[in-house]
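These are the residues of each chain, in order.
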Amino acid sequence: NTAQLDTESRRFALEELQYYVEDIDNALNFAKIGGIRVLTECMSPSEHHDIRYWAAWVLGTLVQNNPPTQVQCLKEGALKVTIEALCGEHADVKEKAIFLLSGLLRDSDVAVAAFVDNGGVGVLRPFVDAEAGKKIAAKTIFLLAQLLRTPLREKVQSILVSEHFLAPISKYTESDNTDLREKAFELLLEALRGSSPAKEWAKGAGLPASIRSRGDHLAGLDKDTQADYEHERHLIRELRKII
């Protein structure tokens, strides 16, 4: 039918656009002709999920290492529609929304403040559960670690404790996925540093013992193998210093 054809043609156009805006100059030119406003409208909850998926991907590409388009996206309300997408039903749209959100918040204290002050951190809570999958969990944990390196660090630390983020994240320190495991250790280090409530949670959850056990296991490996885990060993040493 006509509606289906319209959706398919728009999806194809967005797919082509995704390739086009990978070039920074093309991205800037696209923004100048009002493209960001159109893409933000394509993120509306009333749109087909395929359109929202590709619109989020294109917007996420537009803001990568491109401060002018990042600022314009924020002015056009991209943060609001991104949060709405994170609350939706479709996992593929949510994954691209995380990608977009990371770009919107990067190196922007204004965007971070708007996100945190409007309850955005809590929206991310389901994405650190095992049911969300390792891929989206890793992206979410990385994003949360970014937030812990901003001026709103203490507020984010408080939210992570009060909304029970740390327990599921700590389980990823036992993951067989090296990237996810290291991201979990990195976040725990940032979350616990200077936060008494987070440290109290860690002690109550038995985190010091599990970290010590992991550290002892890595220390028992031969030197050549240990070299492959050097970053993880460093994170464990730093964590043991603070808890």
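Predicted model only: the values in this text are computed from it and were never measured.

**Thoughts on the overall build of the protein chain**
Link 1 in the chain: For the protein chain, the helix and strand inventory stands at 17 helices and 0 strands.
Link 2 in the chain: For the protein chain, the C-alpha atoms occupy an extent of roughly 60 × 40 × 35 Å along the three principal directions.
Link 3 in the chain: Sorting the 243 residues of the protein chain into buried and exposed places 46% on the buried side.
Link 4 in the chain: Of the contacts made within the protein chain by residues no fewer than 6 positions apart, 67% connect residues no fewer than 24 positions apart.
Link 5 in the chain: Charged side chains in the protein chain number 30 positive and 36 negative. The centres of these two groups are separated by 6 Å.

**A look at helix H13 (residues 178-192)**
Link 1 in the chain: Taking 1.5 Å per residue as the helical rise, H13 with its 15 residues ought to reach 21 Å, and the 21 Å between its terminal C-alpha atoms agrees with that figure.
Link 2 in the chain: In terms of residue burial, H13 counts as a mostly covered element, since 12 of its 15 residues are buried.
Link 3 in the chain: Burial in H13 covers these residues: Leu180, Arg181, Glu182, Lys183, Ala184, Phe185, Leu187, Leu188, Leu189, Glu190, Ala191 and Leu192.
Link 4 in the chain: Capping the start of H13 is the job of one residue whose side-chain oxygen sits 3.1 Å from the backbone nitrogen of Asp179: Asn177.
Link 5 in the chain: Once H13 ends, the next one or two residues include Gly194, with phi positive near 75°.

**Here we look at the nonpolar core**
Link 1 in the chain: Core analysis: the largest hydrophobic core is formed by 73 residues, its most contacted members being Phe115, Leu124 and Leu144.
Link 2 in the chain: Once residues lying within four places of it in the same chain are set aside, the contact partners of Leu124 are Leu86, Ile98, Leu101, Phe115, Thr140, Leu143, Leu144 and Phe165.

**Looking at the side chain of Ser102**
Link 1 in the chain: Relative to the helices and strands, Ser102 is located in helix H7 (residues 91-105).
Link 2 in the chain: Taking the relative accessible area as the measure of exposure, Ser102 reaches 10% and is therefore buried.
Link 3 in the chain: Discounting residues that sit within four places of it in the chain, Ser102 has contacts with Leu143 and Gln146.

**Here we look at the packing of aromatic side chains**
Link 1 in the chain: Under the definition given, this model contains 3 aromatic pairs.
Link 2 in the chain: Judged by centre distance (5.5 Å) and plane angle (85°), the ring pair of Tyr53 and Trp54 falls under edge-to-face.
Link 3 in the chain: Each ring, one from Tyr53 and one from Trp57, has its centre 5.9 Å from the other, and the planes form 80°; the classification is edge-to-face. Linking Tyr53 with Trp57, this pair stays in helix H4 (residues 49-62), spanning 4 residues, or about one helical turn.
Link 4 in the chain: One aromatic cluster in this structure is built from Tyr53, Trp54 and Trp57.
Link 5 in the chain: The ring centre of Trp57 lies 3.7 Å from the NZ or CZ of Lys96, which sits over that ring.
Link 6 in the chain: Over the aromatic face of Phe165 sits the side chain of Arg125, whose NZ or CZ is 6.0 Å from the ring centroid.

**Observations concerning unusual backbone geometry**
Link 1 in the chain: Here the phi dihedral of Asn65 falls at roughly 50°; this positive angle occurs in a residue that is not glycine.
Link 2 in the chain: Judged by relative accessible area, which is 64%, Asn65 ranks as exposed.
Link 3 in the chain: For Asp107, which is not glycine, the phi torsion reads 60° and is therefore positive.
Link 4 in the chain: Inspection of the secondary structure assignment puts Asp107 in the loop between H7 and helix H8 (109-117).

**Considerations on the pattern of salt bridges**
Side chains that carry opposite charge are capable of pairing whenever their charged atoms lie near each other.
Link 1 in the chain: For the coordinates displayed, the defined rule picks out 19 salt bridges.
Link 2 in the chain: With a closest N to O distance of 3.0 Å, Glu15 and Arg11 form a salt bridge. Separated by 4 residues within a single helix, Glu15 and Arg11 lie in helix H1 (residues 2-20), roughly one turn from each other.
Link 3 in the chain: Glu15 sits in the partly exposed class, given a relative accessible area of 31%.
Link 4 in the chain: For Arg11, a relative accessible area of 27% translates into the label partly exposed.
Link 5 in the chain: Glu230 serves as the salt-bridge partner of Arg233, at 3.5 Å between the closest nitrogen and oxygen. One end of the pair is Arg233 and the other is Glu230, both in helix H17 (residues 230-242) and 3 residues apart, which spans about a single turn.
Link 6 in the chain: If you follow the salt bridges from partner to partner, you end up with Arg149, Arg153, Glu190 and Arg193 in one network.

What counts, and where the lines are drawn
Residues numbered from 1 in each chain as written. Predicted model: local features only at pLDDT ≥ 70, side-chain atom pairs only at ≥ 80, totals over all residues. Heavy atoms only, no water. Helix = DSSP H or I, 4+ residues; strand = E, 2+ residues; numbered from the N terminus. Buried < 20%, exposed > 50% of the residue type's maximum accessible area, 1.4 Å probe, protein only. Contact = heavy atoms within 4.5 Å. Lys, Arg positive; Asp, Glu negative; His and termini not counted. Charge placed at Lys NZ, Arg CZ, Asp CG, Glu CD. Expected span 1.5 Å × (residues − 1). Polar contact = N/O pair within 3.5 Å; in protein donor to acceptor, adjacent residues only side chain to side chain. Core = buried A, V, L, I, M, F, W, Y, C linked by side-chain atoms within 4.5 Å. Phe/Tyr/Trp six-rings, centres within 6.5 Å; stacked < 30°, edge-to-face > 60°. Lys NZ or Arg CZ within 6 Å of the ring centre and 35° of its normal. Salt bridge = Lys/Arg side-chain N within 4 Å of Asp/Glu carboxyl O.

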